[in-house]
Structure formats: structure tokens, C-alpha cells
Amino acid sequence: MERRKFLAGAGAVTVGAVAATAPGTAGHAAPGIRHVETGLDVLVRADFADLAGQRVGVISNPTGVDSDYRHLVDLMHASGSVRLAAAFGPEHGFRGSAQAGGSEGTGIDARTGITVYDAYGASLAKWESMFTQAGVDTVVFDIQDVGARFYTYIWTMYTSMMAAARVGKRYVVLDRPNPVGGRAYGPMMTAGYTSGVGLKEIVQQHGMTVGELARFFNAEFLPAEAGRKVDLHVVQCRHWKRDKLAADTDLPWVLPSPNMPTTDTALVYPGTGLFEGVASLTEGRGTCKPFELIGGLADDFDYHWSDRLNARELPGVEFREAYFTPTSAGQKPALLNKLCAGVEVKVVDRAAYDPIRTAVAMLVEAHKYEAFAWRRDSWDAVRPYWIDKLTGSPRLRTMIDAGADVDDVVGAWAGELADFNRRREPHLLYR
């Protein structure tokens, strides 16, 4: 196994520091802002009692911090009450030094000296092998999700849960609030279009915390996929309610990935993430507002797009005519370092805003430009359109191609959304 040292995070954590400051007591929430404790805050307050006597492996990234920005692994290492065996790094890596579609590799963490296994894109068999090699009794998952089916961390959790079930490991989820709230929106994934951006049948904006998703996965999918349920325990958040967004709480925000810099980004992402499936439009990577800035080459797109969108008077959102130059293009090299014209998505009423309906309207209007083109991937001859993997089926693409308007497209998934809400209800932890 190739080993290398990872850069240590900023600021040392000592046992004394852990004992001196209880999580969630760094300050009082501002007026109108709700004080919330994550599962990690609750676990630290109990001095990791739930993990006593177990060899622990941690699946985390830079978001696994308490209310004072202290990382889970660093706290465990300093506490003396946890037998920390290993860490597992998802996409972007355990310490977060890799870009989209990348990892940090397997190596030794400079701060703690533990082995960090490269878990990005790991198969079920690889997870089983890593858990066995690390000798863990309990797997702890602590990563901030952003509430969209195509954000890959929830599938890291799902696959590692299956592996833990198969090799008889306990699985503990340290819960965190869903930053875009507890309501579900959007179309359902279908079996023929599963991929790394959607492994199982959930809707596009699932409206669940990772703890609730783990309970849902354990009941709905693991018995058939893994042959049994995993021994699952969720350390719940305290004081979070389903109608609260990230901006309504006092929780710190750490970038879950390089192009998710703010809670405003997270709010629009379940919708504008669909523009990864459009070849002729950039989702604003390499700008200061990824997923809020959407545009194509300035010779092909213009101010009519924002004008037509504003004329629709979509709830909770306005559009600014925008010009920008992306310095990162993802899968769209033709747009790299080129002047692009498009829109900035400006959410003016968070409670009224529907990110997926808004994105459908943006797609319908963008489709009217001659230069509009769906992204096709040559490596998948059977399912070449990336938008189909993002939305869960060819339906959205074929409806827009056929001239359907927003109400028709959104109305097409009403039944499956209602069914998902019914199925998830028994697994919800917060009201």
C-alpha cells in the first residue's frame, strides 16, 4: 500500500481543550437564529460513551466538525476514550484537498498518525476489505450532506452501510440538519438509470437528514441488497426542525466540496445541479458563485434568457443578467476561460423558492436557444445523456425536447413524489 502524509488541519486539538469547552457553548444564537446541536456535538458532550470499548473507523471529510470547528477525528484522537483505528476519505478526500471527481489516495494522516483509506467510488467488496483490514468494530459516518440525490456522499454512506452489514460491523451516523430543509421535491430515480449520482430509488431533493436516510436505506434496501440490515444507531441532532434551513441555524458551514462554498449554493444546488447535464451551459464552476451563475458562450446566449425567466414570476426567485468567465469547466472544456452570458439565480424568499421547479423553467427557456445541447457521454452508449442520470429517467429530457412547459414537466412526477413521502414517513426523526 502506498503511504503518504496528509496535511494536518489548522490548529492543534488537545485533551485539555476538549474538556474545557463543551460543544455548542461558544456563543448564543443571534435573534431569529435557532441554536442547533449536531450528532457530533451530542456525542462529544457524552464523552464518546456510545463508542466505548470499540475499535472505530470514521467516514468523514472537513465538514465533520463540532460547533467550535474541531474535527471529529481530532477530537477522538485527543480524547483518550476512543480506540481510533482508521479513517475513510470520500470524494474530495478526508482532509478535503482534492477537486471534483478526485481523492487523496491512501496514506497516513499527519495529525493523528492513523491510516486514511481512499474510499472514493469504492465498491461493496472494497469497503468490506477496508473494514476488515482496518480491524474496526464500529463505523462512524459524519459528513454534511446538501440534500440532493446526485450529491455523492449519501451513496458513500449507503454502500458502506451495506458492507458493514455483510461483515457484521456496527454503523453509527452522527446526524446533521439538511441545509435545504425537510421537504421533498422532484422526480424519482428509476432502476434503469442508477449510477454513482443516484444508486437507489429516492427523489431528487429527498428532504431528509443523513440519519433519516440511513434509517430509510436500512429498512427499504439493505435486506434485499446486503441480505440483512446493519446494526444502525443514529445520534440525533438537538433543536432542529424540518422547516429550518441552514441560514436559520447557528451551525458553522464548512465547504462539503470545492464548489459548495456557501449555504446559498446549497439552496440552489438541487435544481441548478441539473445544468451539469447540459453541454452548452456551465454551472459556474471556477467562479465565486458556482451553481448560482449559469451561462453559455456569449455568442450563443444573451439577456433574453433572464428577461423571459423574470416574466414567469417564479415563486421566491429573481434572475440577474450575468456575464462571467469560468476558470473550471468540469466536463465542458469548450467553456473553460471563455466569456459566458447567462443568469444569476437570486433567491429572494427562501420559504417560497422551489429549486427544482425553478431549474425546469430555466431549462425550458434555455432550450429555445439554437446552441442548447444536452451533454452526451461517449463512455455510456446505452444511456449517453447525463441529464437522465441526474433526473432518474429520460422523461424530463424528452418532455422538454417535445416542447412541454414547466407545469407539464413538474406535474409528471407528482404521483411518485407522494409515494416517496408516504414511504419515508416512518423513518423521519424530526418534525
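Residues numbered from 1 in each chain as written. Predicted model: local features only at pLDDT ≥ 70, side-chain atom pairs only at ≥ 80, totals over all residues. Heavy atoms only, no water.

Asker: Before we go on, may I ask you to explain the overall build of the chain in this structure?
Answerer: Counting its secondary structure elements, the chain contains 14 helices and 13 strands. Taken against the 2.2 N^0.38 rule, which gives 22 Å for 431 residues, the C-alpha radius of gyration of the chain at 22 Å falls within 12% of a compact globule. Each of the 431 residues in the chain was classed as buried or not, and the buried ones make up 58%. For the chain, long-range pairs separated by at least 24 residues make up 74% of all intrachain contacts whose partners lie at least 6 apart in sequence. Accessible surface for the chain amounts to roughly 16500 Å². Of this, 50% is attributable to carbon and sulfur atoms. For the chain, the centre of its 46 positive side-chain charges and the centre of its 51 negative side-chain charges are spaced 5 Å apart. (Helix = DSSP H or I, 4+ residues; strand = E, 2+ residues; numbered from the N terminus. Rg over C-alpha atoms; globule rule 2.2 N^0.38 Å. Buried < 20%, exposed > 50% of the residue type's maximum accessible area, 1.4 Å probe, protein only. Contact = heavy atoms within 4.5 Å. Areas by Shrake-Rupley, 256 points an atom, 1.4 Å probe, with all protein chains shown as cover. Lys, Arg positive; Asp, Glu negative; His and termini not counted. Charge placed at Lys NZ, Arg CZ, Asp CG, Glu CD.)

Asker: Any chance you could explain the pairing of strand β3 (residues 83-89) here in plain terms?
Answerer: The side chains of a regular strand alternate, first on one face of the sheet and then on the other. Among the seven residues of β3, six are classified as buried, and the element is accordingly described as predominantly covered. Taken together, the five bridges between strand β2 (residues 55-60) and β3 define a ladder with parallel strand orientation. Following the sheet pairing, V56 is matched in β3 by L84. Following the backbone out of β2, through helix α3 (residues 72-79) and into the adjacent parallel β3, one traces a crossover that is right-handed. Both β3 and strand β5 (residues 115-118) contribute to a ladder of four bridges, which runs parallel. Note that in β5 the partner of A87 across the bridge is V116. (Pairing = 2+ DSSP bridges. Right-handed = clockwise from strand over helix to strand, strands pointing away.)

Asker: Even after reading the chapter, I still don't get helix α4 (residues 124-134), so can you show me in this structure?
Answerer: What sets the pattern is the α-helix's 3.6 residues per turn: residues three or four places apart point alike. Of the residues making up α4, those classed as buried are W127, E128, M130, F131 and A134. One side of α4 holds all its buried residues, which, seen down the axis, span an arc of 165 degrees. Opposite the packed face of α4, turned more than 90 degrees from it, sit the exposed residues A125, T132 and Q133. Against β2, β3, β5, β6 (138-142) and α5 (153-167) lie the buried residues of α4. Remark: G135 follows α4 within two positions and exhibits a positive phi of approximately 70 degrees. (Arc of directions from axis to C-beta.)

Asker: Would you explain the sheet that holds strand β12 (residues 317-324) in this entry?
Answerer: Adjacent strands of a sheet form backbone hydrogen bonds with each other and so pair up, either parallel or antiparallel. Sheet architecture is open: three strands sit in the order β11-β13-β12, paired in antiparallel fashion. Since the sheet does not close on itself, it has two edges, and those belong to β11 (293-297) and β12, each with one partner. Recorded for the sheet is a direction-independent mean angle of 20 degrees between the axes of neighbouring strands. The pairing of β12 with strand β13 (residues 340-347) spans eight bridges and is classified as antiparallel. When the sheet's bridge partners are listed, V317 is paired in β13 with V347. Across the sheet, helix α10 (residues 355-366) lies against β11, β12 and β13, angled at about 50 degrees from β12, the strand it touches most. (Axes fitted to C-alpha atoms, helices over the stretch in contact; angles between N-to-C directions.)

Asker: Would you take a moment to explain the nonpolar core for this structure?
Answerer: Across soluble globular proteins, you tend to see nonpolar side chains buried next to one another. Ranked by internal contacts, the top residues of the largest apolar core, which has 97 residues, are F88, M157, Y171, F217 and W305. Of the residues forming this core, the biggest block, ten residues, is contributed by α5. Residues within four places of F88 in sequence aside, it is in contact with G57, V58, I59, S60, Y117, A119, W127, M130, F131 and A134. In this structure, F48, V56, L72 and M76 belong to the second largest nonpolar core, which totals 21 residues. (Core = buried A, V, L, I, M, F, W, Y, C linked by side-chain atoms within 4.5 Å.)

Asker: Please explain the environment of A329 as it appears in this structure.
Answerer: Turning to its location among the elements, A329 is positioned in the loop between β12 and β13. The class for A329 is buried, based on a relative accessible area of 11%. Spatially, the C-alpha atom of A329 lies 7.2 Å from that of G286, the residues being 43 residues apart in sequence.

Asker: I'm lost on the packing of helix α9 (residues 304-311) against α10 in this one. Help?
Answerer: For any two helices packed against each other, the geometry comes down to the angle between their axes and how far apart the axes lie. At a closest axis distance of 10 Å, the pairing of α9 and α10 adopts a crossing angle of 130 degrees. Classified by the interaxial angle, the pair formed by α9 and α10 is oblique. Regarding α9 and α10, the two cross each other, and that crossing is right-handed. In contact with W305, R308 and L309 of α9, α10 contributes A361, M362, E365 and A366. Taken together, the residues that form the contact of α9 with α10 break down as five nonpolar, no polar and two charged. (Parallel < 35°, antiparallel > 145°, perpendicular 65-115°, else oblique. Left-handed = near helix turned anticlockwise from the far one by under 90°. Nonpolar A, V, L, I, M, F, W, Y, C, P; charged D, E, K, R; others polar.)

Asker: So what exactly am I meant to see when it comes to the side chain of E276 here?
Answerer: When you line up the elements, E276 lands in the loop between α8 (263-272) and β11. Aside from chain neighbours lying at most four places away, what touches E276 is Y269, E283, R285, F291, K332, R375, W386 and L390.

Asker: I keep staring at the packing of aromatic side chains and nothing clicks. Help me out?
Answerer: Any pair of aromatic rings gets described here by the distance separating the centres and the angle formed by the planes. For the coordinates displayed, the defined rule picks out 21 aromatic pairs. Considering the side-chain rings of Y151 and Y153, the 5.2 Å spacing of their centres and the 90 degrees angle between planes classify their relative orientation as edge-to-face. Take Y151 and Y153: they sit in the same class, and that class is buried. Their ring planes at 90 degrees and their centres at 6.3 Å tell us that Y158 and F221 sit as a pair that is edge-to-face. Of this pair, Y158 sits in helix α5 while F221 sits in the loop between α6 (210-220) and α7 (222-225), placing them 63 residues apart in sequence. (Phe/Tyr/Trp six-rings, centres within 6.5 Å; stacked < 30°, edge-to-face > 60°.)

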